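Listed here are the chains, written in short residue letters.
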Amino acid sequence: MPAGWLVASAVLGRPVTNAEPYPHICGRRLTAADTLTGRPVDLLRRDCAACAQQRHDRAARQPDPAGGAVVDLAAARARRTARKERSIA
């Protein structure tokens, strides 16, 4: 199990494998026994990997201001990089 899943496993009290989507742990409390400091930690949205993935997915597809269509930013960046590489060569 990857190290990134350990916090979710500790918070949820069950093993979280990489075969399932990362669970939302925002709004939960990491118990004192599960922390290095020995103090409980309240997890916020910024601490939640599932929330971060959702923010990333929303940011990757933004509306085009010119026509209201959805622009795939990853594809646009790839096209721009390819044009730069062709102009250098």
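Residues numbered from 1 in each chain as written. Predicted model: local features only at pLDDT ≥ 70, side-chain atom pairs only at ≥ 80, totals over all residues. Heavy atoms only, no water.

Examining the overall build of the protein
Okay, so step 1: A count of helical and extended segments in the protein gives three helices and four strands.
Okay, so step 2: Each helix and strand of the protein, ordered N terminal to C terminal, gives the series α-β-β-α-β-β-α.
Okay, so step 3: Split by element, the accessible area of the protein, about 6800 Å² in all, is 56% carbon and sulfur. (Helix = DSSP H or I, 4+ residues; strand = E, 2+ residues; numbered from the N terminus. Areas by Shrake-Rupley, 256 points an atom, 1.4 Å probe, with all protein chains shown as cover.)

Some details on the nonpolar core
Okay, so step 1: Of all hydrophobic cores here, the largest spans ten residues; its members are A8, V11, V16, Y22, I25, L30, L43, C48, A50 and C51.
Okay, so step 2: When contributions to this core are tallied by element, the ones reaching two or more residues are α1 (6–12) and α2 (49–60). (Core = buried A, V, L, I, M, F, W, Y, C linked by side-chain atoms within 4.5 Å. Buried < 20%, exposed > 50% of the residue type's maximum accessible area, 1.4 Å probe, protein only.)

Quick look at a positive patch on the surface
Okay, so step 1: Side chains of R77, R79, R80, R83, K84 and R86 sit close together on the surface and give a patch of like positive charge.
Okay, so step 2: Tracing the chain through its elements places K84 in helix α3 (residues 73–88). (Patch = residues over 30% accessible without salt bridge, like charges linked within 9 Å, V, L, I, M, F, W, Y side chains within 5 Å. Salt bridge = Lys/Arg side-chain N within 4 Å of Asp/Glu carboxyl O. Lys, Arg positive; Asp, Glu negative; His and termini not counted. Charge placed at Lys NZ, Arg CZ, Asp CG, Glu CD.)

Re the pattern of salt bridges
Okay, so step 1: A full pass over the atoms with the stated rule returns one salt bridge.
Okay, so step 2: In this structure, D42 engages R29 in a salt bridge whose closest nitrogen and oxygen atoms are separated by 2.8 Å. In this pair, D42 sits in strand β2 (residues 41–42) while R29 sits in strand β1 (residues 29–30), placing the two residues 13 residues apart along the sequence.

A few points about the side chain of T35
Okay, so step 1: Tracing the backbone through its elements, the reader meets T35 in the loop between β1 and β2.
Okay, so step 2: Separated by 3.1 Å, the side chain of T35 and the backbone nitrogen of G38 make a polar contact.
Okay, so step 3: Separated by 2.9 Å, the side chain of T35 and the backbone oxygen of R39 make a polar contact.
Okay, so step 4: If near-sequence neighbours (up to four positions away) are discounted, T35 is found in contact with L30 and V41. (Polar contact = N/O pair within 3.5 Å; in protein donor to acceptor, adjacent residues only side chain to side chain. Contact = heavy atoms within 4.5 Å.)

Notes on the confidence of the model for the protein
For residues with low pLDDT, the predicted coordinates do not support detailed interpretation.
Okay, so step 1: With 81% of its residues at a pLDDT of at least 70, the protein reaches an overall mean of 78.
Okay, so step 2: Looking at the elements of the protein, mean pLDDT is at its lowest for strand β3 (residues 61–63), recorded as 65, and at its highest for β2, recorded as 88. (pLDDT = per-residue confidence, 0-100.)

Some details on the state of the cysteines
Okay, so step 1: According to the stated counting rule, one finds zero disulfides in the structure shown.
Okay, so step 2: As a non-bridged cysteine, C51 has C26 as the owner of its nearest cysteine sulfur, 3.6 Å distant.
Okay, so step 3: Using a relative accessible area of 5% as the deciding quantity, one classes C51 as buried. (Disulfide = S-S within 2.5 Å.)

Regarding the environment of I25
Okay, so step 1: Counting through the fold element by element, I25 comes out in the loop between α1 and β1.
Okay, so step 2: The buried category is assigned to I25, whose relative accessible area is 2%.
Okay, so step 3: Placed 18 residues apart in sequence, I25 and V7 show a C-alpha to C-alpha distance of 8.8 Å.

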